[in-house]
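Per-entry structural report
Chain residues, written in single-letter form:
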Amino acid sequence: MSGISKKLFEEWRELARKELKGKSLDNHFWNTPEEIKVMPLYTEEDLSALSEQKESLPGLEPFLRGPRATMYTNKPWTIRQYAGFSTAEESNEFYKKCLENGQTGLSVAFDLATHRGYDSDHPRVLGDVGKAGVAIDTVEDMKILFNEIPLDKMSVSMTMNGAVLPVLAGYIVAAEEQGVAQQNLSGTIQNDILKEFMVRNTYIYPPGQSMRIVSDIIAYTSKNMPLYNSISISGYHMQEAGATLTQELAYTLADGIEYVRAALSAGLEIDEFAPRLSFFFCTGMNFFMEVAKLRAARFIWAKLMKQFNPKDSRSLSLRTHCQTSGVSLTSQDPHNNIIRTAYEALAAVLGGTQSLHTNAFDEALALPSKLSSRIARNTQLILSEETGVTNVIDPLAGSYYVESLTKQVIDKTLSLIEEVEEMGGMTKAVSEGFTKMRIEESAAKKQARVDKGEEVIVGVNKYVNSNLNDKIELLEVDNEKVIKEQIKKLSKIKKERNNQKVAVSIDQLRKGANGKGNLLELSIEAIRARATVGEVSAAIEDIFSRHKAVSKSITGVYGAAFSEDKMYSETQKKVNEFANREGRQPRILVAKLGQDGHDRGAKIIATAFADIGFDVDVGPLFATPEETSKQAIENDVHVVGISSQAAGHKTLVPELIKSLKKNGGEKVIVVVGGIVPPGDIDDLKNSGVSAIFGPGTPIIDSANQVIDILLDKN
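Residues numbered from 1 in each chain as written. Predicted model: local features only at pLDDT ≥ 70, side-chain atom pairs only at ≥ 80, totals over all residues. Heavy atoms only, no water.

Within the protein chain, the secondary structure is distributed over 28 helices and 16 strands. Its C-alpha radius of gyration of 26 Å places the protein chain within 12% of the 27 Å reference for a compact globule of 714 residues. Here the contacts in the protein chain between residues at least 6 apart in sequence split such that 79% fall between residues at least 24 apart. Approximately 29,100 Å² of the protein chain is accessible, and the part contributed by carbon and sulfur atoms is 49%. (Helix = DSSP H or I, 4+ residues; strand = E, 2+ residues; numbered from the N terminus. Rg over C-alpha atoms; globule rule 2.2 N^0.38 Å. Contact = heavy atoms within 4.5 Å. Areas by Shrake-Rupley, 256 points an atom, 1.4 Å probe, with all protein chains shown as cover.)

As structure tokens, this is what we get:
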């Protein structure tokens, strides 16, 4: 043993054994959710086999210590806030104030109607317009969004995948009409559609056709926008959906390789586009694992890209944006979220991120307010300006633990990537639902650990403060007002534009989708003519069709973790009591209303309730209240459970209850789970909702309440 003598090491072991009261030190380790064995102590000996890591320097292949030679000692990370507030006018005012107060880049959040390629006047988006981001229908909205913000000087990140063509085209045309040429634009478009089929679900077209859009955007931007990142390959929503950190890393990098192959197949040379690829990762509460993940990501990407024989070393370099976890935020004792976000931000910085967004503490209750957004932004400013973390490059390098953990993350991730490659790559793995099911299984296991208290969440399952009376001022979006404003603007544009020119550009776009024209180039022409987001999306949908996912559920994972739990058994007894009384199991329809595709909560509820003994139906994504009502009545369910995350519940749930009553389903009880602001609770209950379960509610508690309501009612 180098560095520490054998005698000294044995002396430590004996001391540790005494402190453990005779328990074996060999069994005193932590087995992470990623199945990585973490020992209680690391020494220099653990670095003996890590020669590649020990010899790595920042800015040089394999970039383990950072993509830049000087990192933050020369230029701190870009401080971003992912935000959008109902209308372009409101968002513009918010952006300008953020920039005045130290923010250095813009990250635009679009509403779900825009994500899914619908204009604000479409009947399917009644409850979604302006609710989870800014509503964008035309280039005129985009021009307002960036009014008085110089797009030749400001890096703009846009999280958009489904309607990526009209949105990116709108940004380009808005810049042109501001006087900024395409070659001077800098920023990032997410353009990562494979991820959407696994977790977030804001897709429009099927996987194969969607990959055509990705490669067309890479081709166009490589030729015309040399400063612009044509894709941000995202693992963020995978971790948010329940993926382990190694699953997040493996599936994200495997997505990246699939996009590289698509661009090469479209005729591009590797060095034409690879230097402008970027990544987007989540940073959660497993502090050292998150640091190791980002270091491992750079090492693995350089290794994977070698197979394409690039001549430019920048093609091997992984650059990333990070965002603190939304799932780690709790509605209980929400000020704890400020502390969580600060630690997560520090992990991203110590891992070497190039830009960072910090979540607002009230996001488990509602959309972020201006106050909470300011606190989130200042978290980064304090980290950058006051802590000294920018004074040293990769300060955790050489840590026995961090280096060993990085190696274990590398090995585990590579094995998962190999599994996907053996299936034929990510497009095939995604199309077959393989990666989605793996992530959902991990999510169910995590929920079980939290509900059993094995994974501690302060203020939720440990150190619960039941005397909290903090009143937090939350953002309230007037959905009806936003819709009226957007419809008024849409009507004005359609009256004033040259409709013949629009029709020609839309027809050319349709032909391009059916042929070989570059779809971004054709979309830019349509947007210049004042075609709407919905019109551009619909033209491509005419050729590509709109994708409809087949819902699959796992069983047994949650129940296996509770096989000996007393409360779980008591809940099952109540379920059996109901079944004996009614002659069948209690039946629940777990549903998502509107365009909110975040289905982690719905999937976890579905698998857990099935394990407890409920008959469970899972509704399709993007359902209207009328469609959900019809399914509930046809399937003769006792309960409809609505999972809400994007603030559309206040409009959509009352419509569902009206539809149930109108069509003979007045006996069906409706419950709601997810992000429900306290101010919405009375309105929902007055409309007929029987129970509301906020974030962090143990599933056993919600199942108990639901079965108690059914027993009382029947």
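Counting across every chain of the model gives 49 salt bridges. Notably, a salt bridge pairs E61 with K306, separated by 3.1 Å at the nearest N-O pair. Taken together, the residues E61 in the loop between α2 (51-54) and β3 (78-83) and K306 in the loop between α12 (287-305) and β10 (320-324) connect sequence positions 245 residues apart. Exposure remark for E61: the relative accessible area of 42% places this residue in the partly exposed category. (Salt bridge = Lys/Arg side-chain N within 4 Å of Asp/Glu carboxyl O. Buried < 20%, exposed > 50% of the residue type's maximum accessible area, 1.4 Å probe, protein only.)

Below, the discussion takes up the layout of surface pockets. One number sums up the size of the second largest pocket: a volume of about 1,000 Å³. Around the second largest pocket, the lining is made up of 42 residues, and of these R68, T78, N229, R319 and Q354 lie nearest the centre. Every element with two or more residues in the lining of the second largest pocket is listed here: β3, β5 (156-158), β6 (187-189), β9 (277-283) and β10. Partitioned by chemical class, the residues of the lining of the second largest pocket number twelve nonpolar, 24 polar and six charged. (1 Å grid on protein atoms, 1.4 Å probe; cavity = no way out; pocket = protein on both sides within 12 Å on 5 of 7 lines; lining within 4 Å. Points joined across faces, edges and corners; volume = space filled by probe spheres on them. Nonpolar A, V, L, I, M, F, W, Y, C, P; charged D, E, K, R; others polar.)

So, about the sheet that holds strand β15 (residues 669-674). The five strands are arranged β13-β12-β14-β15-β16 in an open sheet whose pairing can be described as parallel. Because the sheet does not close on itself, it has two edges, and the strands there are β13 (615-618) and β16 (691-693). The sheet shows a mean angle of 20° between the axes of neighbouring strands, taken without regard to direction. Note that strand β12 (residues 587-591) and β13 share four bridges and pair parallel. By the bridge assignment, R587 is partnered in β13 with D615. Most of the contacts of helix α25 (residues 625-634) go to β12, to which it runs at about 160°, and overall it touches β12, β13 and β14 (639-644). (Pairing = 2+ DSSP bridges. Axes fitted to C-alpha atoms, helices over the stretch in contact; angles between N-to-C directions.)

Right, let's talk about the pairing of β10 for a bit. Burial within β10 is extensive, with five of its five residues counted as buried. Of the two faces of β10, the one carrying T320, C322 and T324 and the one carrying H321 and Q323 are both buried. Where β9 lies against β10, five bridges are found, and the strand directions are parallel. Residue F280 lies in a different strand from β10, and its bridge partner there is H321. Considered for its hand, the β-α-β crossover made up of β9, α12 and β10 is right-handed. Following the chain from β10 across helix α13 (residues 336-351) to the adjacent parallel strand β11 (residues 355-357), one finds a crossover that is right-handed. (Right-handed = clockwise from strand over helix to strand, strands pointing away.)

Note that every value here comes from positions in space, so none of it alone points to a role or purpose.
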